[in-house]
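Here is what each chain is made of, one letter per residue.
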Amino acid sequence: MTDLNSLAASIVDGSVQVIDLTSPLHSGTPVLALPPEFGQTAVFELEEISRYDDRGPAWYWNNVHTGEHTGTHVDAPIHWVTGQDKDDVSQIPAQRLVGPAIIIDKTAEVAANPDYCLTLEDVKAWEAENGPIPPHSWFLFRTGWSKYGDDPVAFANADENGPHTPGVTPEAAKYLSESEILGWGVETVGTDAGGAMVFDPPFPCHNMFMGANKCGVTQLRNLDKLPITGAVVVVAPLPIVKGSGSPCRVLALVQK
Ligand code: MN
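Below or above, wherever it landed, is the structure these notes cover. (Residues numbered from 1 in each chain as written. Predicted model: local features only at pLDDT ≥ 70, side-chain atom pairs only at ≥ 80, totals over all residues. Heavy atoms only, no water.)

**Some details on the packing of aromatic side chains**
Item 1. Tallied over the full model, the rule gives six aromatic pairs.
Item 2. Here the aromatic rings of Tyr 52 and Tyr 60 are separated by 6.1 Å at their centres, their planes lie at 55 degrees, and the arrangement is tilted.
Item 3. The class of Tyr 60 is partly exposed, set by a relative accessible area of 33%.
Item 4. For the ring pair Trp 145 and Tyr 148, a centre distance of 4.8 Å and an interplane angle of 70 degrees mean the geometry is edge-to-face.
Item 5. On the accessibility criterion, Trp 145 (4% relative accessible area) is buried.
Item 6. Note on Tyr 148: relative accessible area 29%, which makes it partly exposed.
Item 7. The lysine or arginine in question, Arg 51, covers the ring of Tyr 60, its NZ or CZ lying 4.1 Å from the ring centre. (Phe/Tyr/Trp six-rings, centres within 6.5 Å; stacked < 30°, edge-to-face > 60°. Buried < 20%, exposed > 50% of the residue type's maximum accessible area, 1.4 Å probe, protein only. Lys NZ or Arg CZ within 6 Å of the ring centre and 35° of its normal.)

**Details of the coordination of the manganese ion**
Item 1. Taken together, His 69 (ND1), His 73 (NE2) and Asp 75 (OD) make up the protein donors of the manganese ion, found 2.0 to 2.3 Å from the metal.
Item 2. The sequence pattern describing where the donors of the manganese ion fall on their chain is H-x3-H-x1-D. Each member of the pair His 73 and Asp 75 is classed as buried. (Donors = N, O, S within 2.8 Å, 3.2 Å for Na, K, Ca; no water.)

**Some points on helix H5 (residues 170-177)**
Item 1. Within H5, burial applies to Pro 170, Ala 172, Ala 173, Leu 176 and Ser 177. In a view along the axis of H5, the buried residues occupy a sector of 160 degrees, so they form one face of it.
Item 2. Taken together, the buried residues of H5 touch strand S6 (117-118), helix H3 (120-130), strand S7 (138-142), strand S10 (167-168), strand S11 (183-185) and helix H6 (204-211). (Helix = DSSP H or I, 4+ residues; strand = E, 2+ residues; numbered from the N terminus. Arc of directions from axis to C-beta. Contact = heavy atoms within 4.5 Å.)

**Quick notes on the pattern of salt bridges**
Item 1. Evaluated as defined, the whole model comprises eight salt bridges.
Item 2. Put simply, Glu 109 and Lys 106 hold a salt bridge, and the shortest N to O gap is 3.9 Å.
Item 3. Overall, the relative accessible area of 13% leaves Lys 106 in the buried class.
Item 4. The closest approach of N and O atoms between Lys 174 and Glu 178, which form a salt bridge, is 2.9 Å.
Item 5. By relative accessible area, which is 57% here, Glu 178 ends up exposed.
Item 6. Among the charged side chains, a salt-bridge network with shared partners connects Glu 48, Asp 53 and Arg 55. (Salt bridge = Lys/Arg side-chain N within 4 Å of Asp/Glu carboxyl O.)

**Examining the environment of Arg 221**
Item 1. With respect to the helices, strands and loops of the structure, Arg 221 is situated in the loop between strand S12 (215-217) and strand S13 (229-237).
Item 2. Note on Arg 221: relative accessible area 15%, which makes it buried.
Item 3. Through-space distance from the C-alpha of Arg 221 to that of Pro 24 is 9.6 Å; in sequence the pair is 197 residues apart.
Item 4. Aside from chain neighbours lying at most four places away, what touches Arg 221 is Asp 20, Leu 21, Thr 22, Ser 23, Pro 24, Ser 146, Gly 149 and Asp 150.
Item 5. Here the side chain of Arg 221 touches Ser 23 through a polar contact of 3.3 Å, side chain to side chain.
Item 6. Polar contacts involving the side chain of Arg 221 include one to the main-chain carbonyl oxygen of Gly 149, which spans 3.4 Å. (Polar contact = N/O pair within 3.5 Å; in protein donor to acceptor, adjacent residues only side chain to side chain.)

**Examining the pairing of strand S3 (residues 56-65)**
Item 1. Both strand S2 (residues 45-53) and S3 contribute to a ladder of seven bridges, which runs antiparallel. Bridge pairing in S3 places Glu 48 opposite Asn 62.
Item 2. Where S2 folds back on S3, the antiparallel hairpin that results is connected by two residues. (Pairing = 2+ DSSP bridges.)

Below, the structure is given as structure tokens:
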């Protein structure tokens, strides 16, 4: 039996489970709100074409309206100015969309401080415990933030000073961007902290990961159902030609 046949059999018998890490996509799905002087992304909307009626008696279908960066989505390297000569979302090699998943868990720290940012020391401590970050892996930031995913106000957690959501320090972003990971996945609306506009550089995750031709993945759910190491993740954005990103389905294979 080949490895792939064995995997298929394990999916059929349930000893390998498929966990959906994707947030449901609907008109209430939270989206990023930038300061008002900037352009804004669209919320997701369905426009009904027909529903077993005069417009189409036996079929139901819709047009969809969405931003590229609406709901669970991929940030392609070209999304950021530092990656402007790098891959658009259609150019990301399929081989770089599938890989082992590793989890760094800061749920407790984020519960105590929503502005918590992953430090270089946190990453080094993870490596001391779990070994070097494996190449070609998706590094996923478990924060517990997805519990707010159905409440746009709580999800944004903004006050007069802007949003308060977890992220990554510039030092940790630099270290991870120089590693061989495929990209960085988060539970929040964007890969950077809510307060990252005033970091040096601003939005360090975007700045460094996109510049290194790596991807970001946002608004993940069910990271609490994944082991720290050992899962395999499939990230599936639409191949939008010249697209800066795409809503995506993210699935994890987990050994029961
Ligand atoms: Mn994005």
